[in-house]
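Descriptive analysis of the structure
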Amino acid sequence: MKEKNNNEFRINTYVSGRINGFRVVMLLLVVAVGAGPAVKGSFIWDDHHVIERGVLIKDLSNIPELFSHDTMYNSDNGQYEARQGMDTYRPLTMTTFALDYRLFGPGPEGFHITNLALHAICTILVYFLCLALLGENKQTPALLAATWFGLQPWSAEAYAWINGRSDPLATAFSLAAVLLFIKHIDGRKQWYKSASLCLSIVFFIMACLSKEIAILLPIILTLFAFIRNESGNRNTLSGFRLSMTRLRPLAPLFILYSGAAAFYLSMRTMALSGSLKVVEDYSRLVEAITNLGLLTFDGMRQAVMPSNVHLRFLYEDYYHVDLWWKILALVLLFSLSLFLLALLFPVGGRPGSTGQPIGTVSGTVRENRVSHRALSGLSGLWFILFLAPACLITPAPNYYGFGRYLYMPLAGIAPLIGLASELVLAKLAGRRGLSIAAGIGATIYLVAMGSQLEFFISDLKDDKSLALSTIEQDPKTSHGYAALARLLALKGKMKKARAVVIDAMGKLDKRPLSMYMLGRSLLQAGLTSEVSMVTEKGLKDYPDFSGFYCLKAALTGLTKPKVTLELLERGLALDPENRDCKNLLYNMPR
C-alpha cells in the first residue's frame, strides 16, 4: 500500500510538472503580448542621465566603482550627492546596465529586452509562489493570479522605463529567496534544507543590492516560518502571548537573515558614508508618515481597478488632499494592519474549534498550503510593508512615478488574488452556467487590463508621448507641461515652449503648489525667462506662498546677494521647512 502511494505521488508529480510547463509557456505568451511593445520604447526620464550620459556603465572595468559609490555617481562623479534629498545604493542594478551596454550597445532596445525578461521571470516566480501558498493542485487560481500580475498597467512603469529596473530586479531576487526559504522549511534532508537556506540568503543580499526595499524581506520570512511552525501543534497559547518554545526554532533563521542585512548595510554605509538622508529632516519624515495611509489605499485601488495611468508626482497629488483625510486613512491603515496581523496568530481554544490557531497549515506539507486566513494576513501585510517605504518620496518634489513602487507589493498580494479565485471556483463547482459566466467575466477583466497596459506602454515610448498623455489625463498638475516645454526648448521651438507655459498657468490657476512645481521644473531645464513669467504671476496672486520667493531668489542668483538673501528670508518666514529655500541659503557665499 505504501509503495502504491509512492507511485501515485510520482505520477502526480510528473503530470503536475507537465501542467506547470504548459502554464509557464502561457504566462510567457501573456507577457510577450501584453508587455512586449515596451521593447520599442526610447530612453525617457532619468534614462538620459543614467544611461545615455552615464560614465561608469560604459566600461565593465568600472563595476567595482559602482559598488563603492552612490547610484548617481555613475552619471555625475559625485556632484549630485551634495544636493540630493535621498541617496540610493543599487550597485547590482547598475551592473546590469553595464552588462547591457557591453552586450547590446548604447541603443535602448537591449536594455528594454532585459527589462522585459525580468518582468517575465517575476511573473513566473509569482505563479510558483501562488502554488507554494495555495497548493500544488491549485493550478488555475495560481495562473489567474500570475496573469493578473503580469498585465498590471501601473507596474509597467517599472520595466517600460529602463531606469525603473531596480524594482523588477529586486522583486525577482526576493521571490527567489522566498521560494528557496519555503524549500528550506519543507525540506526533509538536512543537506537540502541547508543548501536552500544558503541560496535564499544569497538571493536576499542580491535583492538588497538591487533596491533598498528588499531589506524588509526577513519580516515576511519570519512570519511565514511562524505560520509553518504551527502545523500539527495543539494550541497552548492565549491571545498574543508567545512562548519561547514556539519562537525558539525561528531564532537561528532570524539571526542569519539579520546578519545578511547587516552585511548589506555595512556595504551601503561604507559607500555612502551615512544612512538615508531623508531621515535627517524629521519634518519631512512626519509628512511622509502622514501620507502613508493615503498612499496604501491609493495603491490598493489602482491595483484592482487601475485608472488614469500616467506620470505622477505624489508630492503634487497628495499636497491637495485635506489633512483630516490623510489622518483618517492612516488610522484605517493601522486598524487594517492589526487585523491582518491577527490573522497570523492563534487566538486560543481547542484544535478543531473556532479558537483553533488560524495560522495552522491546512492540508499536507507536500501541498505547501497555508490556511485561508493566514494567507490573507501574510499577503496583505506584504503589500503594506513593501509599499510603505514609498511614502518617503511623497514629500519630495523631485521624485516622480507611482507604478514602479507598486511592483513588489503587487507580487506579494497576487496569492490573495489566487485565493479569491480558488474560493469562487469552489463556490461555483457543479454550476456550469455560473462557472462559464465567471470565466467570461474574468477574461474580460484581464483583457481590459491588458488593453490599458498597452495604452500606457505606448505613452511611455518617448518623452513627448509621456508629456502629452500626462497633460491629457491630469491637466491640473505641472509636470506634463514642464516636460513638454523642455522638449520644445531643446528643439529650439521657444515660441511653442512659451505658449505651453502660458497655457499651463491658466489651467494651474488656484493651485499655487502646481504652479510653483512648474516654475521649479522649468528652472532645472534652464528656461529662465519662462520661470520669471511663472514667478511674477505667483508672487502677485499668492504672496503668502514661500515657493515663489525661492524661485525669485534662484533667478536673482549671486548677482544681487542682498536681494537674494531678503527673498530667502521672506520665503523661510512663510515656510521654515522649505527645502529649496534652505538649500539656496546654505549655498550662498558667506
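**With respect to the overall build of the chain**
- Across its full length, the chain carries 28 helices and 0 strands.
- By sequence separation, contacts in the chain at least 24 residues apart represent 75% of the contacts at least 6 residues apart.

**Some words on the packing of helix α15 (residues 292–304) against helix α17 (residues 323–342)**
- Look at α15 against α17: their axes get within 7 Å of each other, and the N-to-C directions meet at 70°. Our classification of the angle between α15 and α17 gives roughly perpendicular. On α17, the residues that touch Leu 292, Gly 293, Leu 294, Thr 296, Phe 297 and Met 300 of α15 are Lys 326, Ala 329, Leu 330, Leu 332, Leu 333 and Leu 336.
- Of the residues contributing to the contact of α15 with α17, the split by class is 9 nonpolar, 2 polar and 1 charged.

**Observations regarding the environment of Tyr 159**
- For Tyr 159, the location among the structural elements is in helix α8 (residues 157–160).
- By relative accessible area, which is 1% here, Tyr 159 ends up buried.
- With 124 residues separating them along the chain, Tyr 159 and Ala 35 place their C-alpha atoms 8.9 Å apart.
- For Tyr 159, the contacting residues outside a window of four places in its chain are Ala 35, His 112, Asn 115, His 119, Gly 150, Tyr 407, Leu 453 and Ile 457.

**Some points on the confidence of the model for the chain**
- Chain-level pLDDT for the chain is 81 on average; 84% of the residues reach the 70-or-more range.
- Predicted confidence for residues 230–244 stays below pLDDT 50, and this span has 28 contacts to residues more than four positions away or in other chains.

**Section: empty space enclosed by the protein**
- This model, assessed by the stated rule, comprises 2 cavities of 30 Å³ or more.
- By volume, the largest cavity amounts to about 100 Å³.
- If you trace the largest cavity, you find 13 residues lining it, with Leu 129, Leu 133, Ile 220, Leu 378 and Trp 382 closest to the centre.
- For the lining of the largest cavity, the element with the highest residue contribution is helix α18 (residues 372–387), accounting for 4 residues.
- Grouping the constituent residues of the lining of the largest cavity by class yields 11 nonpolar, 2 polar and no charged.
- Considered as a void within the structure, the second largest cavity measures approximately 50 Å³ in volume.
- Contributing to the lining of the second largest cavity are Phe 181, Pro 218, Leu 221, Thr 222, Ala 225, Leu 250, Leu 253, Phe 254 and Tyr 257.
- Those elements that place two or more of their residues in the lining of the second largest cavity are α11 (217–229) and α13 (251–272).
- Here the lining of the second largest cavity takes 4 residues from α11, the largest share from any one element.
- Classifying every residue of the lining of the second largest cavity gives 8 nonpolar, 1 polar and no charged.

**Side note on the pattern of salt bridges**
- Within the structure shown, the criterion is met by 12 salt bridges.
- The partner of Lys 138 in a salt bridge is Glu 422, with the nearest N and O atoms 3.6 Å apart. Remark: Glu 422 occurs in helix α19 (residues 403–427) and Lys 138 occurs in the loop between α6 (108–134) and α7 (139–150); sequence separation between them is 284 residues. Each of the two residues, Lys 138 as well as Glu 422, counts as buried.
- Residue Arg 301 pairs with Asp 298 through a salt bridge whose shortest N-O separation is 3.3 Å. With a gap of 3 residues between them, Arg 301 and Asp 298 both fall in helix α15, about one helical turn apart.
- A single salt-bridge network, built from bridges that share partners, covers Asp 298, Arg 301, Arg 312 and Asp 317.

**With respect to the packing of helix α9 (residues 166–186) against helix α10 (residues 190–210)**
- It is at 8 Å that the axes of α9 and α10 come closest, and there the two elements cross at 165°. Between α9 and α10, the angle falls in the class roughly antiparallel. For the element pair α9 and α10, the recorded crossing hand is left-handed. For the pair formed by α9 and α10, the contact residues are Ser 166, Leu 169, Ala 170, Phe 173, Ser 174, Ala 176, Ala 177, Leu 180, Phe 181, Lys 183, His 184 and Ile 185 on the first element and Tyr 192, Lys 193, Ser 194, Ser 196, Leu 197, Leu 199, Ser 200, Phe 203, Phe 204, Met 206, Ala 207 and Ser 210 on the second.
- Its residues assigned to classes, the contact of α9 with α10 comprises 15 nonpolar, 7 polar and 2 charged.

**A short note on helix α26 (residues 546–556)**
- Most of α26 sits out of view: 8 of its 11 residues are buried.
- Downstream of α26 by one or two residues, Gly 557 has phi in the positive range, about 65°.

**Considering the nonpolar core**
- Trp 148, Phe 204 and Leu 518 are the most contacted members of the largest nonpolar core, which totals 157 residues.
- For this core, the element with the most residues is α6, which contributes 14 residues.
- Apart from the residues lying within four places of it in its own chain, the contact partners of Phe 204 are Ala 177, Ala 214, Ile 215, Leu 217, Pro 218, Tyr 257, Ala 260 and Ala 261.
- Ile 57, Leu 66, Ala 98 and Ile 162 belong to the second largest nonpolar core, which has 14 residues in total.

What counts, and at which threshold
Residues numbered from 1 in each chain as written. Predicted model: local features only at pLDDT ≥ 70, side-chain atom pairs only at ≥ 80, totals over all residues. Heavy atoms only, no water. Helix = DSSP H or I, 4+ residues; strand = E, 2+ residues; numbered from the N terminus. Contact = heavy atoms within 4.5 Å. Axes fitted to C-alpha atoms, helices over the stretch in contact; angles between N-to-C directions. Parallel < 35°, antiparallel > 145°, perpendicular 65-115°, else oblique. Nonpolar A, V, L, I, M, F, W, Y, C, P; charged D, E, K, R; others polar. Buried < 20%, exposed > 50% of the residue type's maximum accessible area, 1.4 Å probe, protein only. pLDDT = per-residue confidence, 0-100. 1 Å grid on protein atoms, 1.4 Å probe; cavity = no way out; pocket = protein on both sides within 12 Å on 5 of 7 lines; lining within 4 Å. Points joined across faces, edges and corners; volume = space filled by probe spheres on them. Salt bridge = Lys/Arg side-chain N within 4 Å of Asp/Glu carboxyl O. Left-handed = near helix turned anticlockwise from the far one by under 90°. Core = buried A, V, L, I, M, F, W, Y, C linked by side-chain atoms within 4.5 Å.

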